[in-house]
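# Architecture and fold: a report
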Amino acid sequence: MSRIEYSAEIAELLGRVRRRPTAGWPWRPGEQVPEGLPVKQSWGWLFVPDGRVLTLVNPRDGVVSLPGGSLEPEDVGDPGTALAREAGEEAQAAIGPAHYLGYLYDRVGSANGGHECARVRMAAALRSVGPTAPDPASGRHYRRLLVAPGLAVELLGWGGPGLRQARAAVDLAVRLLGVPAAAEEAIEELPPTGLAFH
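These notes cover the structure that comes with them. Model, not experiment: these values are computed from the prediction. (Residues numbered from 1 in each chain as written. Predicted model: local features only at pLDDT ≥ 70, side-chain atom pairs only at ≥ 80, totals over all residues. Heavy atoms only, no water.)

## A short note on the packing of aromatic side chains
In plain terms, the rule: Geometry of aromatic contacts follows a simple scheme: Phe, Tyr and Trp rings, the Trp one being its six-membered ring, pair when their centres are within 6.5 Å, and the pair is stacked under 30 degrees between planes, edge-to-face over 60, tilted otherwise. We count a stretch as a helix when DSSP gives it H or I for four or more residues in a row; a strand needs E for two or more, and each element gets its number in order from the N terminus. Exposure categories follow from relative accessible area, calculated using a 1.4 Å probe and restricted to protein chains: below 20% of the type maximum is buried, above 50% is exposed, and the middle band is partly exposed.
Following the criterion strictly, the structure yields 1 aromatic pair and no others. When the centroid spacing of 6.2 Å and the interplanar angle of 80° are considered together, the rings of W45 and W158 count as edge-to-face. Placement of W45 in strand 2 (residues 39-47) and of W158 in the loop between helix 3 (149-156) and helix 4 (159-177) is noted, with a sequence separation of 113 residues between them. According to the relative accessible area criterion, W158 is partly exposed, its value standing at 23%.

Now the structure itself:
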């Protein structure tokens, strides 16, 4: 097994990572959201050519997330549009076309005023990131890390269901985006000035 490489600064950041408790939402891979079940959120596995994915770390509380968030009226109900907008706002990221993976069924509806809803998961190629800036919706200034998908699951604290979700994302990315099945294992923080991927 190869050694995961990262800088002392990243080691210090990862030492502050705090995992949210898992919500236990059932993962519905490949299933379309049933008619009448509102889609309230869209989050994405964003891949660079070496197979790593973008994760965001809030340095204030150490919470790790994938790019994404709630659908807004300007998204006209399209989870792919919502993901592209949220990735731009949170990570200053430009992405390729978003591909649907499945959804999480939230029966409690914490994102929908206490009514059941769907939280969609998608995969896309990460084309570039611009200069770092605070998220206009929250004011959060995320640190942007590239990590292997399995490590992303660990940092997110998603356990077995998250690993199944990551496998679905990797399978799609290998088929449609041309990334390797075994990702580069180095952890890399993206530069504040931005970066383009080829």
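Back to the text.
## Quick word on the pairing of strand 9 (residues 143-147)
Applicable threshold: Should DSSP find at least two bridges between two strands, the strands are taken to pair.
Counting buried positions over the 5 residues of strand 9 gives 5, a clear majority of the element. Side chains R143, L145 and V147 of strand 9 all project onto a buried face; the interleaved residues R144 and L146 project onto the opposite face, where all are buried too. Relative to strand 9, strand 3 (residues 53-57) runs antiparallel, the two being bridged by 5 bridges. Note that in strand 9 the partner of V53 across the bridge is V147. When strand 9 meets strand 10 (residues 188-189), the two strands line up antiparallel, connected through 2 bridges. In the sheet register, L146 faces strand 10, and the bridge partner there is E188.

## Some words on helix 3
Under the convention used in this document: Along the arc lie the directions from the helix axis toward the C-beta atoms.
Considered for burial, the residues of helix 3 that qualify are P149, A152, V153, L155 and L156. Projected down its long axis, helix 3 carries its buried residues within an arc of 165°, all on one side. One or two steps after helix 3, the chain reaches G157, where phi turns positive at roughly 75°.

## Here we look at the environment of G44
Quick reminder of the rule: Contact criterion: two residues are considered in contact whenever any of their non-hydrogen atoms come within 4.5 Å of each other.
Relative to the helices and strands, G44 is located in strand 2. Note on G44: relative accessible area 0%, which makes it buried. Residues in contact with G44, not counting those within four places in the same chain, are L66, P67, L83 and M122.

## A closer look at the pairing of strand 3
Burial analysis of strand 3 places 5 of its 5 residues in the buried class, the great majority of the element. Burial along strand 3 is two-sided: the residues V53, T55 and V57 and L54 and L56 are all buried. Pairing geometry for strand 3 and strand 4 (residues 64-65), over 2 bridges, is antiparallel. Of the residues in strand 4, the one forming a bridge with V57 is V64.

## With respect to the pattern of salt bridges
Basically, it comes down to this: Only one rule defines a salt bridge in this text: a Lys or Arg side-chain nitrogen within 4 Å of an Asp or Glu carboxyl oxygen.
Across all of its chains, the model carries 8 salt bridges by this definition. A salt bridge links D50 to R52, with the nearest nitrogen and oxygen atoms 2.9 Å apart. Classification of D50 by relative accessible area gives partly exposed; the value is 26%. Taking the shortest distance from any N to any O, the salt bridge between E189 and R143 comes out at 2.5 Å. With E189 in strand 10 and R143 in strand 9, the pair connects residues that are 46 residues apart, well separated along the chain. By relative accessible area, R143 is classed as buried at 18%.

## Details of unusual backbone geometry
Despite not being glycine, V76 shows a phi value in the positive range, around 45°. By the secondary structure assignment, V76 is in the loop between strand 5 (68-70) and helix 2 (79-91). Accessibility expressed as a relative area gives 71% for V76, which makes it exposed. For Q92, which is not a glycine, the phi torsion comes out positive at approximately 55°. Using a relative accessible area of 15% as the deciding quantity, one classes Q92 as buried.

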